[in-house]
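Remarks on the overall topology
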Amino acid sequence: MRTPFSRPLALALVAALALPIAGCARNRTKGDLPYVARDVGTLYTAAKTRLDQHRYKEAAALFDEVERQHPYSVWARRAQLMGAFSHYLARSYTDSIQSAQRFISVHPGNKDAAYAYYLIALCYYEQISDVTRDQKISTQAQDALGELIRRYPNTRYAGDARLKVDLVRDHLAGKEMEIGRFYERRGQWLAATLRFRKVIDDYQTTTHTPEALMRLTETYLALGVRGEAEKSAAVLGANYPGTDWYERAYKLVKEYPPTAIAPLAPGQPVVTQATTPVATPGTAAPSAAPALEAPGKPTPASPSSTTPGN
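This section reports on the structure supplied with the text. Since the model is a prediction, treat every value here as computed from it, not as a measurement.

Quick notes on the rules
- Residues numbered from 1 in each chain as written.
- Predicted model: local features only at pLDDT ≥ 70, side-chain atom pairs only at ≥ 80, totals over all residues.
- Heavy atoms only, no water.
- Phe/Tyr/Trp six-rings, centres within 6.5 Å; stacked < 30°, edge-to-face > 60°.
- Lys NZ or Arg CZ within 6 Å of the ring centre and 35° of its normal.
- Axes fitted to C-alpha atoms, helices over the stretch in contact; angles between N-to-C directions.
- Helix = DSSP H or I, 4+ residues; strand = E, 2+ residues; numbered from the N terminus.
- Parallel < 35°, antiparallel > 145°, perpendicular 65-115°, else oblique.
- Left-handed = near helix turned anticlockwise from the far one by under 90°.
- Contact = heavy atoms within 4.5 Å.
- Nonpolar A, V, L, I, M, F, W, Y, C, P; charged D, E, K, R; others polar.
- Polar contact = N/O pair within 3.5 Å; in protein donor to acceptor, adjacent residues only side chain to side chain.

**Looking at the packing of aromatic side chains**
- Scanning all chains against the criterion turns up nine aromatic pairs.
- Three or more aromatic residues joined by ring pairs form one cluster here, namely Tyr44, Phe63 and Trp75.
- Taking the ring centre of tryptophan 75 as reference, the NZ or CZ of arginine 78 above it sits at 5.3 Å.
- Taking the ring centre of tyrosine 125 as reference, the NZ or CZ of lysine 164 above it sits at 5.3 Å.

Now the structure itself:
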């Protein structure tokens, strides 16, 4: 016997049961995650399969599921690091860094901790932008690479990190040069000088050092500090005698007569600190800048004491 409410009630029950089934079907169709509980081996194998298929986001999510559903298993520790690696391949750098940092905090003494530090450094390194943009991420990359080298100096990861540190330092020096050239174009000589000085003081082994010394020669002359300009040009000639930068600096000093230098305005600060000669790491820098020599002539400075380290 049917009641007036039997048909609507039946339809409602069918609809209620159909919703989760349809949801599961959609999940399977799209290849989404099996959020239902599964044994750890099945989950890990599914994650590894997706990683091999270059489906990195799915792999990362499945590795995270291994850790979530089986947190105390041996597989969880392995999945944690593999999840960080999958996030890195998917270019989800923030998620990768968080996963690697979590691995380090939970397993600081694990043999794979060095790789976790390396993965963090790589995530920062991959995000470095051109020198026209903010370089905070470059500083973070340099710090992360330095931390890896300090903690695990004898690993293969540290060897690669040392190469990347040199590239990051060159990039940071390039940023200082970009800002210095900007100030120089605007006639803000002192601000430009400070930027070029920073390259000489902090990044003297980078490829930007010759240009920085030449730019210092320009800005010192513009400030009216001819003695400092000559010292910068002399150091440039001692360390990079065959470069176009030295030829430009030498020509600039010789063709810039002292009578043409405009006097400093009252109260304008004078840069008096001598330019630090670039020296090979481990050797003492010359106490005074070498004499300014014409391009192509031998300089009195000893190559062993003035040639910058590679």
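**Some points on the packing of helix H2 (residues 40-52) against helix H4 (residues 74-89)**
- Running from N to C, H2 and H4 cross one another at 20°; their axes reach a closest spacing of 11 Å. The orientation of H2 relative to H4 falls into the category roughly parallel. Relative to H4, the crossing made by H2 is left-handed. Mapping the contact onto sequence places Val40, Tyr44 and Leu51 in H2 and Trp75, Arg78, Ala79, Met82, Phe85, Ser86 and Leu89 in H4.
- Of the residues assigned to the contact of H2 with H4, the class counts are eight nonpolar, one polar and one charged.

**Points about the environment of histidine 70**
- Mapped onto the elements of the fold, histidine 70 is located in the loop between helix H3 (56-69) and H4.
- Once the C-alpha coordinates of histidine 70 and valine 40 are considered, the two residues, 30 residues apart in sequence, prove to be 6.7 Å apart.
- For histidine 70, the side chain forms a polar contact with the main-chain nitrogen of valine 40, separated by 3.4 Å.

Function-wise, these values are silent; they only describe arrangement.
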